[in-house]
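# Summary of structural features
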Amino acid sequence: ADEVTLQLKWVTQSQFAGYYVAEEKGFYDEENLDVTIKPGGPDIAPEQVIAGGGADVIVDWMAPALAARDKGVKLINIAQPYQKSGLEMICPKDGPVKTEADFKGKTLGVWFFGNEYPFYGWMNKLGLSTEGGPDGVTVLKQSFDVQPLVQKQADCISVMTYNEYWQAIDAGFKAEDLLVFNYTQLGNDMLEDGLYVMEDKLSDAAFKDKMARFVKASMKGWKYAMENPDEAAEIVVDAGGQDENHQKRMMGEVAKLLGDASGKLDPAAYERTAKLVVDQKIVSKAPEGGYTTEIFDAASK
Amino acid sequence: MMRALSWQSLVAVLLLLAALFQLPLANVPIAMTAPAVAWTTLILVYGFLLAGIGADTFMRSRLWRGIVLFLCAHLATVFLFTLISDENGLARPGFYVVLAACWLLAWRCVEILSGLQPRSRAGRIILALIIPAIFGAWILIIWEAVTRGLGIPFILLPPPSAVFTKLIFSLSVIAADVNQTIFKAVLAGYLMGCASGFVAAILADRFPFMRRGLLPIGNLVSALPMIGIAPIMVMWFGFDWQSKAAVVVIMTFFPMLVNTVAGLAVTSTMERDLMRTYAAGYWQTLFKLRLPAAGPFVFNALKINSTLALIGAIVAEFFGTPVVGMGFRISTEVGRMNVDMVWAEIAVAAIIGSLFYGGVALVERAVTFWHPSFRNGKA
Amino acid sequence: MDMQASQPSHATVSAPSVISAAGLGLTFQTNDGPVRALSDVNLTINKGEFVSFIGPSGCGKTTFLRVIADLEQPTDGTISINGMSPREARERRAYGYVFQAAALYPWRTIEKNVALPLEIMGFSDAEKRERIARTLALVNLTGFEKKFPWQLSGGMQQRASIARALSFDADLLLMDEPFGALDEIVRDHLNEQLLQLWARTEKTICFVTHSIPEAVYLSTRIVVMSPRPGRVTDVIESTLPRERPLDIRETPEFLAIAARVRDGLRAGHSYDD
Amino acid sequence: MDMQASQPSHATVSAPSVISAAGLGLTFQTNDGPVRALSDVNLTINKGEFVSFIGPSGCGKTTFLRVIADLEQPTDGTISINGMSPREARERRAYGYVFQAAALYPWRTIEKNVALPLEIMGFSDAEKRERIARTLALVNLTGFEKKFPWQLSGGMQQRASIARALSFDADLLLMDEPFGALDEIVRDHLNEQLLQLWARTEKTICFVTHSIPEAVYLSTRIVVMSPRPGRVTDVIESTLPRERPLDIRETPEFLAIAARVRDGLRAGHSYDD
Amino acid sequence: MSEARGNRIIPVLVMLIAIVAIWYAGTYFMNAPFQRDLDRRAGVTRSSGDLFIATMTQPKPTLPAPHQVATNFFENTFLRKITSNRSLIYHAGVTLSSTLLGFVIGTVLGILIAVGIVHFTSLDRSLMPWIIASQTIPILALAPMIIVVLAAVNLTGLLPKALISTYLSFFPVAVGMVKGLRSPEIINLDLMHTYHASKAQTFWKLRLPASVPFLFASMKVAIAASLVGAIVGELPTGAVAGIGSKLLAGSYYSQTIDMFAALVAGSLVAVLLVTAVDVVGAIVQRRMGARPS
Ligand SMILES: Nc1ncnc2c1ncn2[C@@H]1O[C@H](COP(=O)(O)OP(=O)(O)OP(=O)(O)O)[C@@H](O)[C@H]1O
Ligand SMILES: Nc1ncnc2c1ncn2[C@@H]1O[C@H](COP(=O)(O)OP(=O)(O)OP(=O)(O)O)[C@@H](O)[C@H]1O
Ligand SMILES: [Mg+2]
Ligand SMILES: [Mg+2]
């Protein structure tokens, strides 16, 4: 079988259920693939891993992938399982923030490590400085939980619809207590979990073929996960995911972001993301060739 | 006077001969048209190296031999690097062979300098600085040669020259980070942690019951992975420097406690009996005998803590910060693929850490000058 | 052997007793069981006496001095110093103690080391200066005030520690092998000076030594001790005059006393340590 | 004073010279400038002699022994050991050295400590066993083979270190104040034993001491030294017979030699250390 | 004897009880504000006793109560199969293996460096300042990158984590051993010289045995450092297994109770390791004739 190493962006959880399901259900085997799934973590940059040759394909967000491309690591998107963004900002309703206009002078929690771009894009659009002060917002590098809200260290914090949002609920906030700013709804979203490979490897036909089979099997896994969320969550827990209930709920939420679960990249979404990274000067020049439909097309045959 | 060729020189000669079979040393980029330049460089490199070997073999004065070797080895290295400076991944095996010859001569130079016994204080200080400096420089030179020569991807390991450039151009950002991490978190935490550890040690000393209860616990806690509490401290004390300082306080408290208590116990029975014969009180004995005697131990803790404090603060910043600070910068810039910035911060951290440590060591030398370890300064 | 050396058989019966021990015993509790360091010691020392203690290693000489100085508590018998308990005597700073090692504090200069007891006892600055100068001159260390202990030879350090014990002018001096580490010539010299000091100041001195000639040369009385358990086996009165030039040591009288001390010593000695 | 003590004026002129020093000098370079530790030492020591070195602290006694042992390099003059350079002599293991402190290795038992030089010199196991047993018996330590040094008294430790120096049967013994730390009785006993050993084995012994009686009692010749710079000021031949019971020390002949040594010593002495 | 032991244990017990009491008080004060917020949102009013109980039983407290931690620790230690990835024993085992590997490599490396420094002046002069400087580098910040870079050259699994432990543990060993190898007094070295012993003989028969107490003292520090290295090294390996991953996972999901249980497990491992080194040291030194204290 052909060996493929997949580097995830984060720890094992239902966010990546499709890949674990494809592995567990033998979809990869059907395509004659031997897939190794490497979980990520807070300080793992998948871009670095793939540049160092530690993976064949990675799950990454579009903005950091384009940034890496700008730095000479020629990453290219070959499929886009997540068609919608799961990023949100939540504020307690009894807090000072009621609308976007109230952000001025407030403290907002943000994740970094490549996850900060949508936020900066949004603030850019609102014309708010992120340097603090009465006319700007104070940015906190937030931990990956909802403590800042519990401890009232921030007025609003970042959450993923499928993960931290539910931690807030678990911590005792009710849905009606929370004000939600959804990046997708506000039109500030950037593409999230997509599959990326090194561009130069695509010149190898065998590799291309391997990737096409990988994408095909992975999307089959995603479809299965969408249809059988509880089973998918259990598979994730068996693979090392924490907290079964949490994973089940996460799977339900993730399913909402997959769209038709085809893994097709919407060029318009790509262009919007590309424009945002240029606007924010994350990259020095407008990205070119950040994606290819070749693999996806081959996979859908 | 001719003496036997030192083994470093001998091996260097052999390496230089071997390299002749490996020419050219580096692929010349197509853009660079004049091969004559490459040849001139090669001749210069060989010339300097052979001059160095000659000096090592024929010169009389140790000092001058050291100086000439130093110049020859490093000038040769500089010219060698011009061969691969245009582009990454140019070096061929011969390059490394010649580099190894340069390194051997530098080693020989260090050996000669180590053998010098300068009479003047200034001479000794200069020597004490220059020898490790050569060693450090060669770590950087080899690093540079490997990253550039092999064309290692920038985001895995940038060459030191790129790190240095980045450092120079980002001074204002780094200054803000240093201010946040070092001057707020580390300094405050260090002072509080050391002071409270010291006071706790004296309390433990005054009340034996407390000592017997606290010390086993202190010994235990000082072996614990205190890094694990960083996320908890962030949870409790918020995102700003206070939580980092709290981590530093906890990490520095126990080493200080344990060391000071040990230090307070070092006085000999006879020294303490002397105080008893004067019918001296507890505090008189403490201030006139036991604290001065504990000095070396207290400074030991201060030195250990100086590196612990830095590491603690930086790691704590991984778990949540305002958007400034060395730990913040390191973790976010990795995410942004600005690896040169990461290394620049690390370099600054190392320099500040070394200065911090060195400063404490100097104060130690001034305060505990009487301790035998400073007296018989046997090299 | 005169085991009941309790009463001073000496001439000056009228002199007040500075130290008087009766049935004194001390047992240390150690891991391997009790160690009987002193046993049934009866001894009275009068004002102005110079008493040497001699005996093999481990016979309790140091322990006895430490009991006097209230550094150990006796387990049997009684002892009184100037009619007080050792504790009271210590709190009134009744004695100066010279340890076997110099025990100078390395972070203090010689002058500061000598000043140490004066600081603790709260002497005024002027008085401190005066006393330091005087006692350092007494032990021939003028000019070395600002040196640190490790910059001095062993003999000079020992002299500094004697100066320290003298500085506050206690009437009783307890000296535990103060000259053990010195060569014979320096030792002779210091012996002479100590005798002079004693003659001049009328202090009472208890002096531990391993050297028979030193004991005979210095003392008005020599207490010979023997180990296991530590006890007094002989008390020898010196018949030498108070005025003693160094070459008194070659007189037959001196040698006779020395021989008696040696016999006393040998009797209580075993050879395997 | 007999400054040119270069020729042995002793009876056995025909005995081969073991050590001969001519114009020997040694200057240490220190931070505060050069220290002249030895200056113009002329001395010949013949086979079978027992030579004591005596002199105030810092006069170069240890330094002289260390030069013989090739632990220091002389800066002037020449010295030869059995006709070889000190270095060659050391490499042929020509001497045994007993340091002032016992310097036993605490992690080795007494027997292993004595075995140390034998191991290094590559003796066979059987021979090692035999020699250990023999030398330990010689210093009266049989039965203590398996003890660790701290389980022995100071005197026993010192005897073990002497056994160690004797174990490989060098013809020359260099002993630097070996009995300095012992009390008088033990010292007397060891002195007697050392004399017996010397009489039996015909070794040549160089012996440093601070004690005049010890020097006189042991030696065939006494070398008196004086400091700043360290030099030989007197060489005194002993007229005592080879056979010496302990009480020879009270004879007038003994006292006369002792007095001469004391005079020689005092002449070269200054009192400030 | 038993009285002496009682004298040693009672104060420790009292201190521990005091700590637990303070902990409970802390639990109340740390958790109460959020509990009040919750109650306010839910419109509940509680008596103060009720509030106290509520702060002790929060599922995701800011500071878990000692009994919550103890229960969690007990369940995850004794009630789970050792192979289960919820078992703390399993995670401790993972951390232990890389700790020990790193510790062994670090100790060997430290000894080698010390031997080099003691025998070559050029190394002594040039290396020592950098060994100190090396420890001021926040290696922990570098750990993720190191693991990625090592993965790039196909070093994965135990070794990369162990190397971080190595980096932290070689330092105390090197420094301690330099001291130890230099601890023989001049007189002992001179003794070897009079025997015309070779450098190797001097090393094996004098320097090495003399350095043993120093070695064990620094190994105690080194093994604790090694444990820190292993825990930190686990964070960037995808939090798959090990105490570090439990800490991290706990912090992702605000499972403070889990985090504290993991901390307790880490502490126990630390105590065990340090004690083990201590015991081995005592045995070795006893064999070598150290005086029982
Ligand atoms: N603190 C102690 N604990 C237990 N035993 C002790 C203690 N101090 C002294 N001893 C024992 O008491 C005995 C007498 O000791 P002491 O120090 O008085 O002897 P010494 O006559 O001064 O001998 P030296 O001439 O060697 O100084 C010895 O057997 C010694 O081991
Ligand atoms: N390594 C050294 N460096 C510098 N000076 C030294 C050194 N060793 C000895 N000296 C000096 O050389 C002189 C002679 O010293 P040495 O040790 O030979 O004296 P000694 O006669 O053995 O004295 P003691 O009786 O105190 O042992 C002294 O002044 C001493 O300070
Ligand atoms: Mg004593
Ligand atoms: Mg000497």
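Residues numbered from 1 in each chain as written. Chains lettered and ligands numbered in written order. Predicted model: local features only at pLDDT ≥ 70, side-chain atom pairs only at ≥ 80, totals over all residues. Heavy atoms only, no water.

Let's shift gears to the sheet that holds strand S1 (residues 17-30) of chain C. Residue and element names in this part refer to chain C. Pairing within the open sheet is antiparallel, and its three strands lie in the order S2-S1-S4. The open sheet has two edge strands, strand S2 (33-46) and strand S4 (76-81), and neither has a second partner. Across this sheet, the average inter-strand angle for adjacent strands is 20 degrees, counted without regard to direction. Two elements, S1 and S4, share five bridges in a ladder whose sense is antiparallel. Within S4, the residue paired with Ile19 across the bridge is Ile81. With respect to the sheet, helix H1 (residues 61-68) is in contact with S1, S2 and S4, its orientation differing from that of S1 by roughly 115 degrees. (Pairing = 2+ DSSP bridges. Helix = DSSP H or I, 4+ residues; strand = E, 2+ residues; numbered from the N terminus. Axes fitted to C-alpha atoms, helices over the stretch in contact; angles between N-to-C directions. Contact = heavy atoms within 4.5 Å.)

The figure often quoted for interface size is the accessible area lost as the parts come together. Contacts between the two partners involve 25 residues from chain C and, on the opposite side, 18 residues from chain B. Both sides of the chain C and chain B interface together cover about 2,200 Å² of buried area, and 68% of this is carbon and sulfur. Per-residue buried area on chain C facing chain B is highest for C:Tyr105, C:Trp107 and C:Ile120; these three make up 31% of the total on that side. At the boundary of chain C with chain B, the tally comes to three salt bridges. Close ionic contact of C:Glu119 with B:Lys288 constitutes a salt bridge, the shortest N to O distance being 2.7 Å. One can count eight residue pairs in polar contact (both at pLDDT 80 or more) joining chain C with chain B. Elements with a contribution of two residues or more to the side of chain C that touches chain B: helix H2 (86-91), strand S5 (95-98) and helix H3 (110-120) of chain C. Here the side of chain C that touches chain B gets four residues from one element, more than from any other, and that element is H3(C). Of the residues contributing to the side of chain C that touches chain B, the split by class is 17 nonpolar, no polar and eight charged. (Buried area = accessible area lost by both parts, 1.4 Å probe. Salt bridge = Lys/Arg side-chain N within 4 Å of Asp/Glu carboxyl O. Polar contact = N/O pair within 3.5 Å; in protein donor to acceptor, adjacent residues only side chain to side chain. Nonpolar A, V, L, I, M, F, W, Y, C, P; charged D, E, K, R; others polar.)

Residues and elements named next belong to chain D. Neighbouring residues of ligand 2: Phe28, Thr30, Ala37, Ser57, Gly58, Cys59, Gly60, Lys61, Thr62, Thr63, Glu177 and His210. At 2.5 Å from an oxygen atom of ligand 2 is found a side-chain nitrogen or oxygen belonging to Thr62. One of the side-chain N or O atoms of Thr63 is found 2.3 Å from an oxygen atom in ligand 2. The protein chains hide 64% of the 630 Å² of surface that ligand 2 would expose on its own. With three residues, the single largest contributor to the shell around ligand 2 is helix H1 (residues 61-68). Along the lines of polarity and charge, the residues of the shell around ligand 2 split into three nonpolar, seven polar and two charged. (Near = heavy atom within 4 Å. Areas by Shrake-Rupley, 256 points an atom, 1.4 Å probe, with all protein chains shown as cover.)

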